[in-house]
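If you want the building blocks of each chain, they are given just below.
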Amino acid sequence: MTEPSAPPPQESVTSGVDPAPAATESPSPEMSSNTMADWAALQAKMAELQDQALRAAAEVQNARRRADEEVSKARKFAVESFAESLLPVIDSLEAGLAIQEAKLEQILEGSEATLRQLKSALERHKVIAIDPAIGSKFDPAFHQAISMVPAQQEANTIVSVLQKGYTIAERVLRPALVTVAAPQ
């Protein structure tokens, strides 16, 4: 086995410094004081850049960890606001059921008020009803046709709505169930 060769003499090095010094190498005794100062400056700069790279990597890792924690918290507590807005609806239903001698008008009035509360809570959280008008064009993105029936209106238009659909933040949660006019 041969021993590693010594660094080239200073005359053959164009910049006066070995182009790829190892971090543990020390300058050879033949180097001039200017070259040794350059060497020390490069060693200091290399240490500074290594420190900056290490800090940048740590910052990226911390940012990734914080982002993961935020996503985890958002998932965990996403339903909290929605559930909070439904609590008054539960309170209204329980209060209505607690009345022993309620008249039909009172029950109807309480049910309507509770339904308004529920619709309001849903709308606050961007849950919007899909309730197409009779005669409007069938849209498969928002409607689900249960059947086609003969009708005195244009083909592929809605004849009746069997069940409302709903969107949440402009995404279909449930399509509206409809019957559609058959081609004549």
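The shown structure was predicted, so the numbers you read here are calculated from the model rather than taken from an experiment.

1. Quick look at the sheet that holds strand β1 (residues 127–130)
- The strand order across the open sheet built from three strands is β1-β4-β5, with neighbouring strands paired in antiparallel fashion. Two strands bound the open sheet, and with one partner strand each, they are β1 and β5 (171–174). Pairwise comparison of adjacent strand axes, ignoring direction, gives a mean angle of 35° for this sheet.

2. Regarding helix α2 (residues 104–124)
- Helix length check: α2, at 21 residues, gives a terminal C-alpha distance of 30 Å against a target of 30 Å (1.5 Å per residue), a fit within 8%.
- Those residues of α2 that fall on the buried side of the exposure criterion are T114, A121 and L122. Axial view of α2: buried residues confined to an arc of 95°, hence all on one face. The exposed set on the far side of α2, more than 90 degrees from its buried face, consists of E105, L108, E109, R116, E123 and R124.

3. A closer look at the nonpolar core
- Within the largest apolar cluster, five residues are counted, these being I130, I158, A176, V178 and V180.
- Broken down by element, this core gets its largest block of residues, three residues, from strand β6 (residues 176–181).
- Not counting residues within four places of it along the chain, the set of residues in contact with A176 comprises I130, P132, F142, H143, Q144, Q163, K164 and G165.

4. Concerning the confidence of the model for the protein chain
- For the protein chain, the mean per-residue pLDDT works out to 86, and 83% of the residues sit at or above 70.
- Confidence drops under pLDDT 50 across residues 6–23; counting only partners more than four residues distant or on other chains, this segment forms 16 contacts.

5. Details of unusual backbone geometry
- A positive phi is found at K126, a non-glycine position, where the angle reads about 65°.
- Among the secondary structure elements, K126 is positioned in the loop between α2 and β1.
- A positive phi is found at N156, a non-glycine position, where the angle reads about 65°.
- The topology assignment puts N156 in the loop between β2 (143–149) and β3 (158–163).

Conventions we followed
- Residues numbered from 1 in each chain as written.
- Predicted model: local features only at pLDDT ≥ 70, side-chain atom pairs only at ≥ 80, totals over all residues.
- Heavy atoms only, no water.
- Pairing = 2+ DSSP bridges.
- Helix = DSSP H or I, 4+ residues; strand = E, 2+ residues; numbered from the N terminus.
- Axes fitted to C-alpha atoms, helices over the stretch in contact; angles between N-to-C directions.
- Expected span 1.5 Å × (residues − 1).
- Buried < 20%, exposed > 50% of the residue type's maximum accessible area, 1.4 Å probe, protein only.
- Arc of directions from axis to C-beta.
- Core = buried A, V, L, I, M, F, W, Y, C linked by side-chain atoms within 4.5 Å.
- Contact = heavy atoms within 4.5 Å.
- pLDDT = per-residue confidence, 0-100.

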